[in-house]
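Understanding the architecture of this molecule
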Amino acid sequence: MAFGDLLEQNFVASVPPHHCSVHRNLSLSSLSPEQVLLLTVPQDIKNSRPERCLRYAAPQWQLLSENGTYSLKVKRDSSNDTEDLLDAELQGCKDGWEYSMTEMSSTIISEWDLVCDLRSLKQMGQTIYMGGVLVGAVIFGGLSDRSRKYWKFGRRFLLLISNLLMAVGGTCAAFSTSFSVFCLFRFITGMALSGLGLNSFSLIVEWIPTRVRTVVGTGTGYCYTMGQLILAVVAYFIRDWRWLTLAVSVPFYITFLYSWWFLESARWLVLNRKSEQAVKNLKTVARINGRREEGDRINLEMLQDSMKKEMSCSQGSYSVVDLLRTPTMRNITICLSAVWFSTSFAYYGLSMDLQKFGVDIYLIQVIFGAVDIPAKVVVTVSMSIFGRRPSQCAALILSGVTILINILVPYEKQTVRTTLAVLGKGCLAASFNCCYLYSGELYPTIIRQNGMGWVSMMARVGAMVAPMVLLLGEAVPWLPGFIYGVAPILSGVVAIYLPETLGAPLPDTIQDVDERSCKKTILNASPKKEELDMLCLVSSELFQLALLWHCGDP
């Protein structure tokens, strides 16, 4: 349901058909609604519908035929009436708007009249929400990796806080009395969403063994898919935006309660000098998995011996700066930043404005959610056979190509445009599924949360920019699609420079990452094992000296 909270804007902020209200000082009760609309609101000739933001300053009575019946044409025998109509004075909607609530009984658009001059506030509200997600990525991404005395929060505690914030923030947003208050609580739920995603993923990656990590990571991705499908069903039956927002928030009270039974990551506990608790957690997991005998053999000495290297390299505190400390880490961070930014940018550019496809929003939400299922199956098989890097590159480039092709399709061919958009969205969903797993495998344990927080922040920057790009379509209709298409193609090329992680053990320290890169480089340059071992040994010793200096050891 976290993903439902992310995409509920498609329903709670859907823009219903609307036009200016009639003049309050006029009594037109004897006329039908069609006649009143004809007399007071001009027609938008381009779209063959009433103007949304203009009305006649005075009713145009000449638009009615002599017998008082409804007519769309001006009487041809009166040239004066025709001239009067062409010269009729227009004005804004001084008395408000009337809405045709066919898809939703109430939205924030109809509640606070976020149309015409205020229509950009819809995109601003989504940008504020994504801003909260960005801030949450920065805050929650660093807190659980801190190793200072008073900052040892860990994954589990922050996951609990995130669930509580999601529940309380969403509930308060449902009862907001103004748009500004609504945006404030949406900002808070955006922060909580980052904490929820980052800490959940870190727990999954650090508890799951390498051989099944791809399958489990993909299964987690399907939970997001189910969230999209459930959102469409819930929104179909709950048409009021307040009740819908509340319905999406209530499940987080439940997840907050059962999250108390989660176990803290054993890796994180060991690296933060809490080895006794790590042993207890490992024994509990062994008992749950029916491996009691193996669990009984786990002791403090065994655990400390198996992670001696990792513990020796985790003396100091780590920050975002460490993501750029070595050439290998810089390469990984820069490439992943481009991948996450463009994936999120194009993904939300397609997903956040379903009304533009001209299809029922409930149906298109189901289709957009369902396409994730085959997309993630394909990318899971591809990641397991061809590797993470080729799968990531292919998903990004294919998504960009389909989006660019969509620009060339005439607007009237809605079926073709929707089909291409669905294919592009499926490729972007596959890219998201891949980069979540790929990033977790590239970053070492001691700064994994910082790394995931950073790339998640880049993704939220992309998500923040995406709604603003849609506003460019009012001036140049094809420009947003062009930008959404070019971005993933460029990042797909950049992703070629990432190292492959298929079958590789999960790195615990920055040294592990550099050693893996060193071995790969030397293997490509020379097949001699003796040279490989010697050069990697030298690199390892130099790195340890640099790390000791950074940690402040004498």
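Residues numbered from 1 in each chain as written. Predicted model: local features only at pLDDT ≥ 70, side-chain atom pairs only at ≥ 80, totals over all residues. Heavy atoms only, no water.

What follows deals with the overall build of the protein. On a plain count of helices and strands, the protein comes out with 25 helices and 6 strands. Counting every position in the protein, which comprises 554 residues, the buried fraction comes to 52%. Accessible surface for the protein amounts to roughly 25,700 Å². Of this, 65% is attributable to carbon and sulfur atoms. (Helix = DSSP H or I, 4+ residues; strand = E, 2+ residues; numbered from the N terminus. Buried < 20%, exposed > 50% of the residue type's maximum accessible area, 1.4 Å probe, protein only. Areas by Shrake-Rupley, 256 points an atom, 1.4 Å probe, with all protein chains shown as cover.)

Time to look at the confidence of the model for the protein. For the protein, the average pLDDT comes to 78, and 79% of its residues sit at 70 or higher. Confidence drops under pLDDT 50 across residues 66-83; counting only partners more than four residues distant or on other chains, this segment forms 21 contacts. For residues 522-554, every residue scores under 50 in pLDDT, and the model assigns this stretch 28 contacts once sequence neighbours within four places are set aside. (pLDDT = per-residue confidence, 0-100. Contact = heavy atoms within 4.5 Å.)

Another aspect to go through is the packing of aromatic side chains. Overall, the coordinates contain 19 aromatic pairs when judged by the stated rule. When the centroid spacing of 5.4 Å and the interplanar angle of 25° are considered together, the rings of phenylalanine 11 and tyrosine 362 count as stacked. Note that phenylalanine 11 is positioned in helix 2 (residues 9-12) and tyrosine 362 in helix 18 (residues 361-370), a separation of 351 residues in sequence. Over the ring of tyrosine 129 we find arginine 186, and its NZ or CZ is 4.0 Å from the ring centre. (Phe/Tyr/Trp six-rings, centres within 6.5 Å; stacked < 30°, edge-to-face > 60°. Lys NZ or Arg CZ within 6 Å of the ring centre and 35° of its normal.)

Another aspect to go through is the pattern of salt bridges. All chains considered together, the criterion is met by 4 salt bridges. Between arginine 55 and aspartate 95 there is a salt bridge, with the nearest N and O atoms lying 2.9 Å from each other. Placement of arginine 55 in strand 4 (residues 55-56) and of aspartate 95 in the loop between strand 5 (90-91) and strand 6 (97-99) is noted, with a sequence separation of 40 residues between them. One exposure class covers both arginine 55 and aspartate 95, and it is buried. Put simply, aspartate 372 and lysine 425 hold a salt bridge, and the shortest N to O gap is 2.9 Å. Of this pair, aspartate 372 sits in helix 19 (residues 372-385) while lysine 425 sits in helix 21 (residues 414-442), and the two are 53 residues apart along the sequence. With respect to class, aspartate 372 is no different from lysine 425; both count as buried. (Salt bridge = Lys/Arg side-chain N within 4 Å of Asp/Glu carboxyl O.)

Structurally, the position occupied by serine 382 is in helix 19. With near-sequence residues (within four places) excluded, serine 382 lies in contact with Gly387 and Ser391.

What follows covers the packing of helix 17 (residues 327-351) against helix 21. Axis separation between helix 17 and helix 21 bottoms out at 9 Å; the angle between their running directions is 150°. Classified by the angle between their axes, helix 17 and helix 21 sit roughly antiparallel to one another. Read as a crossing pair, helix 17 and helix 21 show a hand that is left-handed. In this structure, helix 17 uses Ile332, Leu336, Val339, Trp340, Thr343, Ser344, Ala346, Tyr347, Tyr348, Leu350 and Ser351 to contact helix 21, whose residues at the interface are Ala421, Gly424, Lys425, Leu428, Ala429, Ser431, Phe432, Cys435, Tyr436, Ser439 and Leu442. Its residues assigned to classes, the contact of helix 17 with helix 21 comprises 15 nonpolar, 6 polar and 1 charged. (Axes fitted to C-alpha atoms, helices over the stretch in contact; angles between N-to-C directions. Parallel < 35°, antiparallel > 145°, perpendicular 65-115°, else oblique. Left-handed = near helix turned anticlockwise from the far one by under 90°. Nonpolar A, V, L, I, M, F, W, Y, C, P; charged D, E, K, R; others polar.)

Quick look at the state of the cysteines now. Going through the model one piece at a time under the given rule, you end up with 2 disulfides. Note that cysteine 20 is cross-linked by a disulfide to cysteine 93, the S-S spacing being 1.7 Å. In this structure, the disulfide formed by cysteine 20 and cysteine 93 twists by about -55° around the S-S bond and is classed as left-handed. Taken together, the positions of cysteine 20 in strand 1 (residues 18-20) and cysteine 93 in the loop between strand 5 and strand 6 put the pair 73 residues apart, joining distant regions of the chain. With relative accessibility at 0%, the residue cysteine 20 sits in the buried group. Under the relative-accessibility criterion, cysteine 93 is labelled buried at 12%. The disulfide bridge from cysteine 53 ends at cysteine 116, spanning 2.0 Å between sulfur atoms. (Disulfide = S-S within 2.5 Å.)

Turning our attention to a nonpolar patch on the surface. Nonpolar side chains collect at one region of the surface, where Ile397, Val401, Ile405, Val493, Ile496 and Tyr497 lie side by side and expose about 520 Å² of accessible area between them. For the nonpolar patch, the leading source of residues is helix 20 (residues 388-408), giving 3 residues. Position of isoleucine 496 relative to the elements: it lies in the loop between helix 23 (479-494) and helix 24 (510-525). (Patch = residues over 30% accessible without salt bridge, like charges linked within 9 Å, V, L, I, M, F, W, Y side chains within 5 Å.)

Membership of the largest hydrophobic core comes to 89 residues, with the highest contact counts inside it found for Phe11, Ile108, Leu336, Trp340, Tyr348 and Phe368. Of all the elements, helix 17 adds the most residues to this core, at 11 residues. Grouped together as the second largest cluster of nonpolar side chains are 8 residues, Leu31, Leu38, Tyr56 and Leu63 included. (Core = buried A, V, L, I, M, F, W, Y, C linked by side-chain atoms within 4.5 Å.)

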